[in-house]
Amino acid sequence: MRFFISNDIRTNSLLKLIIVFTLVFFLFLWVTNLLLYLKIGLSYNSVVEYYRGNEETFRPPKSYIGLLEEAHFHFFSMAVILVTLNHLILFARIKNSWKLMLILSSFVSAFGDIASGWFIRYLSPLFAYLKIISVVVLQVSLALLLLVITRFLYEKK
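Residues numbered from 1 in each chain as written. Predicted model: local features only at pLDDT ≥ 70, side-chain atom pairs only at ≥ 80, totals over all residues. Heavy atoms only, no water.

A.B. asks: Teacher, can you tell me more about the environment of S63 here?
C.D. replies: Positionally, S63 belongs in the loop between α2 (44–52) and α3 (64–89). Considered as a pair, S63 and S43 are 20 residues apart in the sequence and their alpha carbons are 21 Å apart. (Helix = DSSP H or I, 4+ residues; strand = E, 2+ residues; numbered from the N terminus.)

A.B. asks: When you look at the packing of helix α1 (residues 13–40) against α3 in this model, what are you seeing that I'm missing?
C.D. replies: The contact between α1 and α3 brings their axes to 12 Å, and the two run at 130 degrees. In this view, α1 runs oblique relative to α3, as classed from their interaxial angle. Crossing hand, α1 versus α3: left-handed. Residues I19, T22, L23, F26 and L29 of α1 form the contact with α3, whose participating residues are I81, T84, L85 and L88. Split into classes, the residues belonging to the contact of α1 with α3 amount to 7 nonpolar, 2 polar and no charged. (Axes fitted to C-alpha atoms, helices over the stretch in contact; angles between N-to-C directions. Parallel < 35°, antiparallel > 145°, perpendicular 65-115°, else oblique. Left-handed = near helix turned anticlockwise from the far one by under 90°. Contact = heavy atoms within 4.5 Å. Nonpolar A, V, L, I, M, F, W, Y, C, P; charged D, E, K, R; others polar.)

A.B. asks: I tried to follow empty space enclosed by the protein on my own but got confused; where do I start?
C.D. replies: Using a probe with the size of a water molecule, rolled over the atoms, empty space left in the structure can be pinpointed. Inspection of the entire model under this criterion finds 1 cavity of 30 Å³ or more. In this structure, the largest cavity occupies an estimated 40 Å³ of space. Taken together, Y37, I40, G41, L42, V47, Y50, Y51, K131 and V135 form the lining of the largest cavity. Elements supplying a minimum of two residues to the lining of the largest cavity: α1, α2 and α5 (128–154). The dominant element in the lining of the largest cavity, judged by the number of residues it contributes, is α2, at 3 residues. Across the lining of the largest cavity, the residue classes break down as 7 nonpolar, 1 polar and 1 charged. (1 Å grid on protein atoms, 1.4 Å probe; cavity = no way out; pocket = protein on both sides within 12 Å on 5 of 7 lines; lining within 4 Å. Points joined across faces, edges and corners; volume = space filled by probe spheres on them.)

Don't take any of this as a statement about function, it's just geometry.
Now the structure itself:
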């Protein structure tokens, strides 16, 4: 971790390799995440149906245990992904206001993405709009984090 405190990230070839491989894995996560959301659909009706079910199509609502298992895994994995990417973004040569925006948008949208499923299922289908907005903002935030970090790793000093 001492490399994350200094500016050696771009000059240490082994650390750079680790970061590049990590970014590749996160890129695949981003793509598969997008594909899963496209399978569900990003329309109000498709999101509501996914969480609340549909008697006409014999689709059951998401169960409490299903939501709990999904939330349990996502809270941990998103924390690891976001702390890693947001930590690396601190080294990039962009304005602090952009760094703050990326940090806040990524964490808040990830929380909104996870929590909105519960809200749709148990409070109101109107929270489907929160889900859609959170998914879009999270995907954009993750893409920007990946792009800025990659650019930082390969820019000239």
